[in-house]
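# Observations on chain architecture
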Amino acid sequence: MKPLNLFEYETQAKKHLSQMAWDYYVSGAGDEITLRKNRTAFEDFQLRPRMLVDVSQRDLSTQILGKSQELPILIAPMAFQCLANPAGEIATAKAATEMGIIMVLSTMATKSIEEVAAVKQAGNQWFQLYVHRDRVATPSEYRGLTKSLVERAYHNGFQALCLTVDAPLIGRRERDARNQFVLPPGMGLANFATWNDLKITQKAGESGLFAYFAEQLDPGLTWADVEWLRSLSPLPLVIKGILRGDDALRAVEHGADGIIVSNHGGRQLDGAIATINALGEIVTAAGGQAEVLMDGGIRRGTDILKALALGAKAVLVGRPILWGLAVAGSQGVQHIIELLRDELDLAMALTGCTTLQDIHPSLIQS
Ligand SMILES: Cc1cc2nc3c(=O)[nH]c(=O)nc-3n(C[C@H](O)[C@H](O)[C@H](O)COP(=O)(O)O)c2cc1C
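Since the model is a prediction, treat every value here as computed from it, not as a measurement.

## Details of the overall build of the chain
- What the chain contains, in helices and strands, is 13 helices and 12 strands.
- For 366 residues, the compact-globule estimate of 2.2 N^0.38 gives 21 Å, and the chain sits close to it at 19 Å.
- For the chain, the C-alpha atoms occupy an extent of roughly 65 × 50 × 40 Å along the three principal directions.
- Here the chain holds 366 residues, and the buried ones make up 59% of them.
- Excluding contacts between residues fewer than 6 apart, the proportion of contacts in the chain whose partners are at least 24 apart in sequence is 73%.
- Of the roughly 14700 Å² of accessible surface on the chain, a fraction of 51% belongs to carbon and sulfur atoms.
- In the chain, which carries 35 positive and 40 negative side-chain charges, the distance between the mean positions of the two groups comes to 3 Å.

## Brief notes about the packing of helix H1 (residues 6-16) against helix H13 (residues 319-351)
- Taken N-terminus to C-terminus, the directions of H1 and H13 make an angle of 170°; their axes are 10 Å apart at the nearest point. Comparing their axes, H13 and H1 come out roughly antiparallel. Residues Leu6, Tyr9, Glu10, Gln12, Ala13 and His16 of H1 form the contact with H13, whose participating residues are Pro320, Trp323, Gly324, Ala326, Val327, Gly332, His335, Ile336, Leu339 and Leu340.
- Grouping the constituent residues of the contact of H1 with H13 by class yields 10 nonpolar, 5 polar and 1 charged.

## Considering the sheet that holds strand E4 (residues 73-75)
- Strand order in the closed barrel formed by 8 strands is E4-E5-E6-E7-E8-E9-E10-E11, with parallel pairing between adjacent strands. Between one strand and the next, the sheet's axes are offset by a mean angle of 30°, whatever the strand orientation.
- Where E4 meets strand E11 (residues 314-317), 3 bridges bridge the pair, whose relative direction is parallel. Its bridge partner lying in E11, isoleucine 75 is registered against valine 317.

## Considering the pattern of salt bridges
- If you walk through the whole model with that rule in mind, you get 15 salt bridges.
- What you see here is one network of salt bridges that share partners, running through Asp23, Glu32 and Arg175.

## Focus on the environment of isoleucine 75
- Position of isoleucine 75 among the secondary structure elements: in strand E4.
- Placed 115 residues apart in sequence, isoleucine 75 and alanine 190 show a C-alpha to C-alpha distance of 19 Å.
- With near-sequence residues (within four places) excluded, isoleucine 75 lies in contact with Thr92, Ala96, Ile101, Ile102, Met103, Val104, Leu316, Val317, Ile321, Val333 and Ile337.

## Observations regarding the side chain of glutamine 81
- Mapped onto the secondary structure, glutamine 81 falls in the loop between E4 and helix H4 (88-99).
- Those residues in contact with glutamine 81 that sit more than four places away from it in its chain are Tyr25, Gly88, Glu89, Thr92, Thr110, Leu322 and Leu325.

## A few points about H1
- Buried within H1 we find Leu6, Tyr9 and Ala13. Taken end-on, H1 shows its buried residues confined to a sector of 45°, consistent with a single buried face. Summarising the geometry of H1, the exposed residues directed more than 90 degrees from the buried face are Thr11 and Lys15.
- Of the surrounding secondary structure, the elements contacted by the buried residues of H1 are H13.
- Measuring from the backbone nitrogen of phenylalanine 7 back to the side-chain oxygen at the start of H1 gives 3.0 Å, which picks out asparagine 5 as the cap.

## Section: the side chain of arginine 173
- Positionally, arginine 173 belongs in the loop between strand E7 (160-164) and helix H7 (174-179).
- We note that arginine 173 is buried and unpaired, the nearest opposite charge coming from aspartate 176 at a distance of 4.6 Å.

## As for the site of the ligand
- Taken together, 22 residues lie around the ligand, and Pro77, Ser106, Thr164, Asp295 and Arg299 are the ones closest in.
- Broken down by secondary-structure element, the contributors of at least two residues to the shell around the ligand are helix H2 (19-26) and H13.
- Of the residues that constitute the shell around the ligand, the class distribution is 8 nonpolar, 9 polar and 5 charged.

## Description of the environment of isoleucine 321
- Mapped onto the elements of the fold, isoleucine 321 is located in helix H13.
- For isoleucine 321, a relative accessible area of 0% puts it in the buried group.
- The spacing of isoleucine 321 and threonine 92 is 229 residues in sequence and 7.8 Å in space, taken between C-alpha atoms.
- If we ignore the near neighbours within four places in the chain, the residues touching isoleucine 321 are Ile75, Met78, Thr92, Val333, Ile336 and Ile337.

## Remarks on the environment of aspartate 247
- Relative to the helices and strands, aspartate 247 resides in helix H10 (residues 245-253).
- We classify aspartate 247 as partly exposed; its relative accessible area is 21%.
- Residues aspartate 247 and alanine 286, 39 residues apart in the sequence, show an inter-C-alpha distance of 9.4 Å.
- Setting aside its immediate chain neighbours within four residues, aspartate 247 contacts Trp223 and Ile242.

Rules and cut-offs
Residues numbered from 1 in each chain as written. Predicted model: local features only at pLDDT ≥ 70, side-chain atom pairs only at ≥ 80, totals over all residues. Heavy atoms only, no water. Helix = DSSP H or I, 4+ residues; strand = E, 2+ residues; numbered from the N terminus. Rg over C-alpha atoms; globule rule 2.2 N^0.38 Å. Buried < 20%, exposed > 50% of the residue type's maximum accessible area, 1.4 Å probe, protein only. Contact = heavy atoms within 4.5 Å. Areas by Shrake-Rupley, 256 points an atom, 1.4 Å probe, with all protein chains shown as cover. Lys, Arg positive; Asp, Glu negative; His and termini not counted. Charge placed at Lys NZ, Arg CZ, Asp CG, Glu CD. Axes fitted to C-alpha atoms, helices over the stretch in contact; angles between N-to-C directions. Parallel < 35°, antiparallel > 145°, perpendicular 65-115°, else oblique. Nonpolar A, V, L, I, M, F, W, Y, C, P; charged D, E, K, R; others polar. Pairing = 2+ DSSP bridges. Salt bridge = Lys/Arg side-chain N within 4 Å of Asp/Glu carboxyl O. Arc of directions from axis to C-beta. Polar contact = N/O pair within 3.5 Å; in protein donor to acceptor, adjacent residues only side chain to side chain. Near = heavy atom within 4 Å.

Next comes the structure, spelled out in C-alpha cells:
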C-alpha cells in the first residue's frame, strides 16, 4: 500500500538511503531543538472552524510574484538530491512541472541549471543562491562565480532568484561530522562541473560540506550585496532565512520582492525560533510590500492552513520531497504534493474556506 501521509514516507525512505545520506537529510544542527520545535510549534495553534458555509467548490490556486500557481506550495531548495535517486533534481523538477508548482533549485545541486531547465523551459523554477568567495579560478571580476550563476539561471528561464541569508557558515550537524560526510564517487556539484577545485572532499572528523562552506562561501555578505544582486538580472529577488520583523523591513527597503521565513529546517542556528512563531511579526513588518512565504516542518495540510492564516502567501516543503524521491522517484515527489494538496483541500472544507483568501487569521488561536 502507498504511504498514507508524509510521515509514512519518511519511515519508508530510511530503508532506501545509505546511513550517510539519511543522516545528512534528516538531521538538524546541534541538539536539534529548532528542528523539533518547527514541528511542535504547529500544535500550539488551534483551529477555529466556521460552519454552514457552502464548501462544495474549492479553489487552491494562487498568485506568487504575480504568476498563477496551482497550489500555495513550493519545493524548497535542497542540495544533493542524487543521494535519494539517480535522477535527483531532474525527477523533482518533473514532479513540480506535473503538479504546476515552483521548484527552487539549489546552488549545491547534483544536476545542473541547464539539465533542470530542460525539464520545462518556461517552467516554474527559481534558483537558490549561495554566494561564493572571490577566487582565482573563477572569472576575475567581483564575485564572478555568483554573477555567472545568476546569468545562467536567467538565460535558462528561471523565474526568480532566492538568496539564502542564514548560512554565512554552515550549521554544525554532528551526524555529518561523525560520518565525515562526503558525496559518493561520481557525484558532485553539477553547477560547478568545470571548476575542478569546487569539490566536497573528505575531512577527518568533520563533514566535508562544513569544510566546503568554511573555505568557499563568503561570510562577508551584507544588505548592500542584495542591491548588487538585484542589479545583475531583471529576475525578482526572494530572501530566504529571515526570522525577525526588523530584518523583513530591511529586506523590503533593499528591494526584495519576497521573503521566506525560514530557519533552514533547523539545520543552521540551533535554538532559533520556530518559523511558525516568527511568521506573524514578519508579515506585519513586510506590510504587504513583499510577499511572505515560510518553510520548516510543513507535514500536513493543516500546517499549510495555519501558515496561510498567519499571513503566509505560500509554504515551501523540504525533507518530505526527499522522502518521496527516495521511495519512488518523480512519482513519489508527486504523491507527496498530492497528499499535501488533498489534506489542505479537506482542511479548507472543514474550516469553511472555499478559496485561499478565505483563510483568515480568525481561524486560528494560539
Ligand atoms: C537535505 C537538505 C538540504 C538543504 N539544502 C539547502 C540548500 O542547498 N539551500 C537552501 O537555501 N536551503 C537548503 N535546505 C533548507 C530547505 O530549503 C528548507 O529551508 C528546509 O528544509 C525546510 O524545512 P523542512 O525540511 O522541515 O520542510 C536544505 C534542507 C535539507 C533537509
